[in-house]
Amino acid sequence: MGEVDIIVIGGGSAGICAAIAAARCGAKTMLLERSDRLGGMGTLAKVHTFCGLYHPDVSQPPQVANPGLPAEIEKLMRERTGVGPIKMGKVYVLPQDPEAFAAIASELCAAEKNVKILFGSTCTRIARDTGGFIVEMGSEKVCCRALIDTSADAIAAPLLGATRISADPAVIQRSAIIFSLAAVDPAANEEKFRMRLALDIVRAVKAGKLPPTAMGTASRSSTNRGEVYFTTDLDPAPREELLKRGRTLANALTSFLREKYPEYRAATGPFIADQPGVRESFRWKGRYELTAEDLLEGTSFPDTVAYATWPIELREDTRGPKLRFFKSPIPASIPLRSLTSAEFEGVYFAGRCISATHEALASVRVMGTCFATGQAAGIAAAKHVKNKH
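Residues numbered from 1 in each chain as written. Predicted model: local features only at pLDDT ≥ 70, side-chain atom pairs only at ≥ 80, totals over all residues. Heavy atoms only, no water.

Participant: I'm lost on the sheet that holds strand β11 (residues 146-149) in this one. Help?
Facilitator: The strands making up a sheet associate through backbone hydrogen bonding, with each pair oriented either parallel or antiparallel. Pairing is parallel in the open sheet, where five strands are placed in the order β7-β3-β2-β11-β22. One side of each edge strand has no neighbouring strand; the edge strands of this open sheet are β7 (115-119) and β22 (347-349). When strand polarity is set aside, the average angle formed by the axes of neighbouring strands in this sheet is 20°. Here four bridges tie strand β2 (residues 6-9) to β11, and the two strands are oriented parallel to one another. Within β11, the position partnered with I7 by the bridge is L147. (Pairing = 2+ DSSP bridges. Helix = DSSP H or I, 4+ residues; strand = E, 2+ residues; numbered from the N terminus. Axes fitted to C-alpha atoms, helices over the stretch in contact; angles between N-to-C directions.)

Structure representation (structure tokens):
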């Protein structure tokens, strides 16, 4: 039976930062990822924008709100793509390239001698032990002193017998299907063209030339010349069904674009994401449940470990986001208690499964904030291990 200090479940935005931060604190860390690459939604779902990285005051030049790994990743992405932050309405975002993100995540983890990655690994059982936990991945067992769940779906909670909070099906954040086309004329990325395209899609749906799922599809330029991303929100369904709908939609939209617009006539693709962009599923019960009011009012916590900067972005239907901005353009505090299990000592969580209400999650689920909560959980777990020695 193997033994490490910390096991991190999930190799997405929060997971890579949790593992790296813990390792930099001297903790021997194992990172479990069920797919064959790191990056989570940023690579597998083609989520091509880092949101939540920057200070919410757009009257000032963009400034990364959370120091450490969020700033490191931001800098590396800008260097890889040659593209800096852009202003979108009342927020700054950083366009990102999924392939570059996968490489950055792998390189950062590989640089840490205390991080071991197990790809294709899924927890099948977790048992409490006198020294911590025994985690089973099929026939393999590993002991650890602390556990960090960044799986997005809080998969470790039911395995431990902990409380797992599910989203209300009536208002659950809609998932997105993303695909890209290459070899597109750059004129297709001009704002006037994209606005005309959005209107034409609506007309085509009403005329029966496109499926109803195409309604609300948004296009956005890539960091790569001649590449365009398309994002469509879909009503709730199992992941395989979402992918099936996504493939049908991508093929229909691609045919429509090639036929109607000279800018898309030579386009290659569609290149469809491996996974749907799931925005909400399950959350942990923490020592404190972060609320929308905390974020909107700028509540200050004595145990603040990360900052949220993204507005509350509710996507409770497929008609687009409903945004609620913080009352003051300053970062909102996230306490360590929202990353700490209320029921099991030595258990932490980060990313999309932290202890937060449905509305608060609509802000803190974005990748920039996930970097920050992952880093905070990694540091907290390493301190826990050190105190147990």
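Participant: Could you clarify how one ought to interpret the sheet that holds strand β5 (residues 86-88) in this entry?
Facilitator: Sheet architecture is open: three strands sit in the order β4-β6-β5, paired in antiparallel fashion. The outermost strands of the open sheet, each flanked by one partner alone, are β4 (49-50) and β5. Note that β5 and strand β6 (residues 91-95) share three bridges and pair antiparallel. If you follow I86 over to β6, its bridge partner there is V93. Sheet strands touched by helix α3 (residues 69-81): β4 and β6. Its angle to β6, the strand with the most contacts, is close to 60°. (Contact = heavy atoms within 4.5 Å.)

Participant: Sorry if this is basic, but what is going on with the pattern of salt bridges here?
Facilitator: Oppositely charged side chains are able to pair whenever their charged atoms sit close together. This model, assessed by the stated rule, comprises 26 salt bridges. With its nearest N and O atoms 3.9 Å apart, the salt bridge here joins K141 to E136. The exposure class assigned to E136 is buried, which follows from its relative accessible area of 12%. Residue R315 pairs with E313 through a salt bridge whose shortest N-O separation is 2.7 Å. Through salt bridges with shared partners, a single ionic network connects D233, R279, E313, R315 and R365. (Salt bridge = Lys/Arg side-chain N within 4 Å of Asp/Glu carboxyl O. Buried < 20%, exposed > 50% of the residue type's maximum accessible area, 1.4 Å probe, protein only.)

Participant: Can you help me understand helix α1 (residues 13-24) in this one?
Facilitator: One turn of an α-helix holds 3.6 residues; hence residues three or four places apart share an orientation. The end-to-end C-alpha distance of α1 is 17 Å, a good match for the 16 Å that 12 residues give at a rise of 1.5 Å each. Along α1, 11 of the 12 residues are buried, which leaves the element largely enclosed by surrounding structure. All buried positions along α1 are accounted for by S13, A14, G15, I16, C17, A18, A19, I20, A21, A22 and A23. Following α1 by one or two positions, G26 has its phi on the positive side, about 95°. (Expected span 1.5 Å × (residues − 1).)

Participant: What am I meant to see in unusual backbone geometry here?
Facilitator: Leaving glycine out, the prevailing phi sign among residues is negative, and the prevailing peptide bond configuration is trans. Backbone torsion omega between G269 and P270 reads 10°, so that peptide bond is classified as cis. Assignment of secondary structure puts P270 in strand β16 (residues 268-272). Although it is not a glycine, A183 sits at a positive phi angle of roughly 60°. Here A183 shows up in the loop between β13 (175-182) and α6 (191-206). Judged by relative accessible area, which is 45%, A183 ranks as partly exposed.

Participant: Is there a simple way to explain the layout of surface pockets in this structure?
Facilitator: The gaps left among the atoms become clear once a water-sized probe is rolled over them. Estimates place the volume of the second largest pocket at around 300 Å³. Looking at the second largest pocket, it is lined by 18 residues, and the ones nearest its centre are I172, S175, P236, A237 and E280. Looking at the lining of the second largest pocket residue by residue, the class counts come to nine nonpolar, four polar and five charged. (1 Å grid on protein atoms, 1.4 Å probe; cavity = no way out; pocket = protein on both sides within 12 Å on 5 of 7 lines; lining within 4 Å. Points joined across faces, edges and corners; volume = space filled by probe spheres on them. Nonpolar A, V, L, I, M, F, W, Y, C, P; charged D, E, K, R; others polar.)

Participant: Before we go on, may I ask you to explain the environment of Q375 in this structure?
Facilitator: Its location among the elements puts Q375 in helix α10 (residues 367-388). Sequence separation between Q375 and A350 is 25 residues; the distance between their C-alpha atoms is 8.5 Å. Within polar-contact distance, the side chain of Q375 engages the backbone nitrogen of L69 at 2.7 Å. (Polar contact = N/O pair within 3.5 Å; in protein donor to acceptor, adjacent residues only side chain to side chain.)

Participant: Sorry if this is basic, but what is going on with the packing of α1 against α10 here?
Facilitator: Working note: a packed helix pair is described by the angle between its axes plus the distance between those axes. For the pair α1 and α10, interaxial distance at closest approach is 7 Å and the crossing angle is 35°. Once α1 is placed against α10, the crossing between them reads as right-handed. Where α1 approaches α10, its residues S13, A14, C17, A18, A21 and A22 are matched on the opposing element by M367, C370, F371, G374, Q375, G378, I379 and A382. (Left-handed = near helix turned anticlockwise from the far one by under 90°.)

Participant: Where do I start with the packing of aromatic side chains in this structure?
Facilitator: In this description, an aromatic ring pair is defined by two values, namely the gap between the centres and the angle between the planes. Enumeration over the complete set of coordinates arrives at 12 aromatic pairs. Taken together, a centroid distance of 6.2 Å and an interplanar angle of 35° make the contact between F193 and Y264 tilted. Separated by 71 residues along the polypeptide, F193 in helix α6 and Y264 in the loop between α7 (239-260) and β16 bring together distant segments of the chain. The burial state of F193 is the same as that of Y264; both residues are buried. (Phe/Tyr/Trp six-rings, centres within 6.5 Å; stacked < 30°, edge-to-face > 60°.)

Participant: So what exactly am I meant to see when it comes to the nonpolar core here?
Facilitator: A general trend in soluble globular proteins is that nonpolar side chains are found buried together. Counting residues in hydrophobic clusters, the biggest one holds 43 residues, and the most contacted among them are I6, I16, F50, I73, F101 and I148. Non-local contacts of F101, meaning those with residues more than four positions away in its chain, are made with S13, I16, G39, G42, T43, F50, I73, M77, Q96, M367 and F371. Counting 24 residues, the second-largest nonpolar core is a separate cluster that includes I9, M137, V142 and F344. (Core = buried A, V, L, I, M, F, W, Y, C linked by side-chain atoms within 4.5 Å.)

Participant: Explanation requested: the packing of α1 against α3 in the structure shown.
Facilitator: At a minimum axis separation of 11 Å, α1 and α3 run at an interaxial angle of 120°. Taken together, α1 and α3 sit at an angle that is classed as oblique. Every pair of crossing elements has a handedness; the one defined by α1 and α3 is right-handed. Contacts from I16, C17, I20, A21 and R24 of α1 reach α3 at L69, E72 and I73. Of the residues belonging to the contact of α1 with α3, the class tally is six nonpolar, no polar and two charged. (Parallel < 35°, antiparallel > 145°, perpendicular 65-115°, else oblique.)

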